[in-house]
Structures are given as structure tokens and as C-alpha cells.
Amino acid sequence: MPGGQHEFTVTASSVQYDGAIVALRVDDVVMPGGRTARREVVEHPGAVAVVALDAQRRIALVTQYRHPVRRRLWELPAGLLDAAGEEPVAAAARELAEEVDLAADRWEVLVDLAVSPGFTDEALRVFLARGLSALPAADRVDEEADLRWSWVALDEAVAMALRGEIVNATAVAGILAAARVIERGDSVRPVDTPWTDRPVAFDRRKAARGEQG
């Protein structure tokens, strides 16, 4: 069979771990030539992030402790799609308010990311938010109680990414995409644009257990 035409059929599947924000599923998958291979898949509910751009071409960036890498990272305001029935743009607006005390009156889809498709279905939609206004300071708990945020010029954020000072993949992608849009006038997409790779497996499993987001 020519390349690119094989159907990767799943012949068996089992959940090895089912946690609060991820699950580990093991699938048996038919490879080209008929061999069956085992593939580990980390299921994830998906997430959103926001490039909040003000009239001075500054963006809101946060520094937040991330335990797996044991240090604080520069990031975009972001969060999980963990509220049942919440649309991605509504989740993005919620995270913008909770993390950097901002609201926006103009929202667009900036870029969609498959975070690490070699082992996880985690996908993330990055929004571009403009027409910003300040909100009262939100209460923050756990890691977010240590969160700090600041305005950074978009050009400087690009330079920080290229210097290796911003390494969070979502932030790098969002910053570079925003710079392209602003500098070249490239088009962005409306917030109701279909999201092909939005994860569904984790939420379906949670719903089957009778849990709500």
C-alpha cells in the first residue's frame, strides 16, 4: 500500500491511570504490514491561552512555578478546559480575568497547537485578545498565589523567546504568531472556527463516571 493510506486500527485499549487532569491509555494499533504495536497515550482535557495585546503593542505575560521543570516560567495567561459545557473563548476570558485581572472586547483565534502529539492528545487554542480593560484583582490559590504578571513589549517578548528566556511552547507559538499578525497584517480566525484537534477522550471518561467540570 502506498504511504499515507494505511488505516491505523485500534484492536485493544486499556486505561492504566485515570487522574484529575490526565489519564494514561494504552492502545494496540495495527501498523503498516500488519504488525500490532503498543502505543501509550496521555489523555488531557485541552487548554486555552491568551495573547492579550494593548494599544501600546504590549502583551500580558505571567511568571508561574511549574513543578515538572522545578522553576518559574514566562507564560501566557492560560488554563484547562475543565468546566463542563464552557466554550473555549469563554474559558480564555475567564483565565484572562483570573490570572492578569483583564477583560477584552475583541477576541479572535490566533493559533491552534497539538502540544506533543507523539504521546498525548493535549491540544491548545491560543486567542488574540484586544480592547483590554482592567478588572478588580482576583483571588489566587496554590501555584497561582505565587503568580506574577507584567506588561512586555511584543518585540521584546519575541526577543526573549529567541534568546531562550521564554521556553513555554504555547507562549513561544503565541508570541511569534501575534508578532506576525501585527507586523504583516495576516488574517486571524473568528472564535467559532471549528477546532479539529480539541481533545474529547478525557472529558467523555469523566462524564461516564458522572463527574462534572
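Residues numbered from 1 in each chain as written. Predicted model: local features only at pLDDT ≥ 70, side-chain atom pairs only at ≥ 80, totals over all residues. Heavy atoms only, no water.

Asks: Looking at this structure, how should I read the UniProt feature "domain: Nudix hydrolase" (unreviewed entry) in the protein chain?
Replies: This chain's UniProt record puts "domain: Nudix hydrolase" (unreviewed entry) on residues 42–174. Secondary structure across residues 42–174 divides into 21% helix and 42% strand, with the first and last C-alpha atoms of the span separated by 23 Å. (UniProt positions renumbered as here; feature names shortened; annotations may be inferred. Helix = DSSP H or I, 4+ residues; strand = E, 2+ residues; numbered from the N terminus.)

Asks: Hey, could you run me through the sheet that holds strand β1 (residues 10–18) in this one?
Replies: Whenever strands of a sheet pair, they do so through backbone hydrogen bonds, lying parallel or antiparallel. Strand order in this open sheet of 3 strands is β1-β2-β3, and the pairing throughout is antiparallel. The open sheet has two free edges, formed respectively by β1 and β3 (36–43), since each of these has just one partner strand. Neighbour-to-neighbour, the strand axes of this sheet turn through a mean angle of 20°, independent of strand direction. (Pairing = 2+ DSSP bridges. Axes fitted to C-alpha atoms, helices over the stretch in contact; angles between N-to-C directions.)

Asks: Quick question: what am I supposed to make of helix α2 (residues 154–162) here?
Replies: An α-helix turns once per 3.6 residues; consequently, residues spaced three or four apart project the same way. When we look at burial in α2, the residues that qualify are Leu 154, Ala 157, Val 158, Met 160 and Ala 161. Burial along α2 is one-sided: seen end-on, the buried residues are contained in an arc of 160°. The inward-facing, buried residues of α2 abut β5 (58–66), β6 (71–75), β10 (148–153) and α3 (169–184). One or two steps after α2, the chain reaches Gly 164, where phi turns positive at roughly 85°. (Buried < 20%, exposed > 50% of the residue type's maximum accessible area, 1.4 Å probe, protein only. Arc of directions from axis to C-beta. Contact = heavy atoms within 4.5 Å.)

Asks: Please explain the pattern of salt bridges as it appears in this structure.
Replies: Any two side chains of opposite charge can pair, on the condition that their charged atoms come close. Enumeration over the complete set of coordinates arrives at 20 salt bridges. Of the charged contacts in the structure, one is a salt bridge between Asp 155 and Arg 57, with a shortest N-O distance of 3.6 Å. Within this pair, whereas Asp 155 is found in helix α2, its partner Arg 57 is found in the loop between β4 (47–52) and β5, the two being separated by 98 residues in sequence. Note on Asp 155: relative accessible area 47%, which makes it partly exposed. Residue class for Arg 57 comes out partly exposed when judged on its relative accessible area of 35%. Two residues, Glu 108 and Arg 130, come together in a salt bridge whose shortest N-O distance is 2.7 Å. With a gap of 22 residues between them, Glu 108 in strand β8 (residues 102–114) and Arg 130 in strand β9 (residues 123–134) connect regions that are remote in the sequence. Side by side, Glu 108 and Arg 130 carry an identical accessibility label, which is buried. (Salt bridge = Lys/Arg side-chain N within 4 Å of Asp/Glu carboxyl O.)

Asks: I'm lost on the side chain of Glu 86 in this one. Help?
Replies: One can find Glu 86 in the loop between β7 (78–80) and α1 (88–100). A residue is classified by how much of its surface remains accessible, and Glu 86, at 17% relative accessible area, is buried. A polar contact of 2.8 Å, which involves the side chain of Glu 86, links it to the side chain of Arg 94. Other than its neighbours up to four places away in sequence, Glu 86 contacts Ala 91, Arg 94 and Arg 198. (Polar contact = N/O pair within 3.5 Å; in protein donor to acceptor, adjacent residues only side chain to side chain.)

Asks: How should I be thinking about the environment of Leu 176 in this particular structure?
Replies: Looking at where Leu 176 falls in the secondary structure, it is placed in helix α3. The class for Leu 176 is partly exposed, based on a relative accessible area of 37%. Separated by 22 residues in the primary sequence, Leu 176 and Leu 154 have C-alpha atoms spaced 9.0 Å apart.

Asks: Is there a simple way to explain unusual backbone geometry in this structure?
Replies: With glycine set apart, most residues show a phi of negative sign, and most peptide bonds adopt trans. Although it is not a glycine, Arg 70 adopts a positive phi angle of roughly 55°. Looking at the element boundaries, Arg 70 is found in the loop between β5 and β6. A relative accessible area of 60% places Arg 70 in the exposed class.

Asks: I'm lost on the sheet that holds β10 in this one. Help?
Replies: Strands sit in the order β6-β5-β10 across an open sheet of 3 strands; the sheet is antiparallel. If you trace the sheet from one side to the other, it starts and ends with β6 and β10, each paired once. Geometrically, the sheet is characterised by an average inter-axis angle of 30° between neighbouring strands, direction not taken into account. For β5 and β10, the ladder comprises 6 bridges, and the chain directions are antiparallel.

Asks: I keep staring at the pairing of β3 and nothing clicks. Help me out?
Replies: In summary, the side chains of a regular strand alternate between the two faces of the sheet. Note: strand β2 (residues 23–30) against β3, 8 bridges, orientation antiparallel. Paired with Asp 27 across the two strands is Arg 39, which belongs to β3. From the end of β2 to the start of β3, which pair antiparallel, there are 5 residues, and Gly 33 there has a positive phi angle of about 95°.

Asks: Just checking my understanding: could you explain the pairing of β5 for this structure?
Replies: The pairing of β5 with β6 spans 5 bridges and is antiparallel. Residue pairing across strands places Thr 63 opposite Trp 74, the latter belonging to β6.

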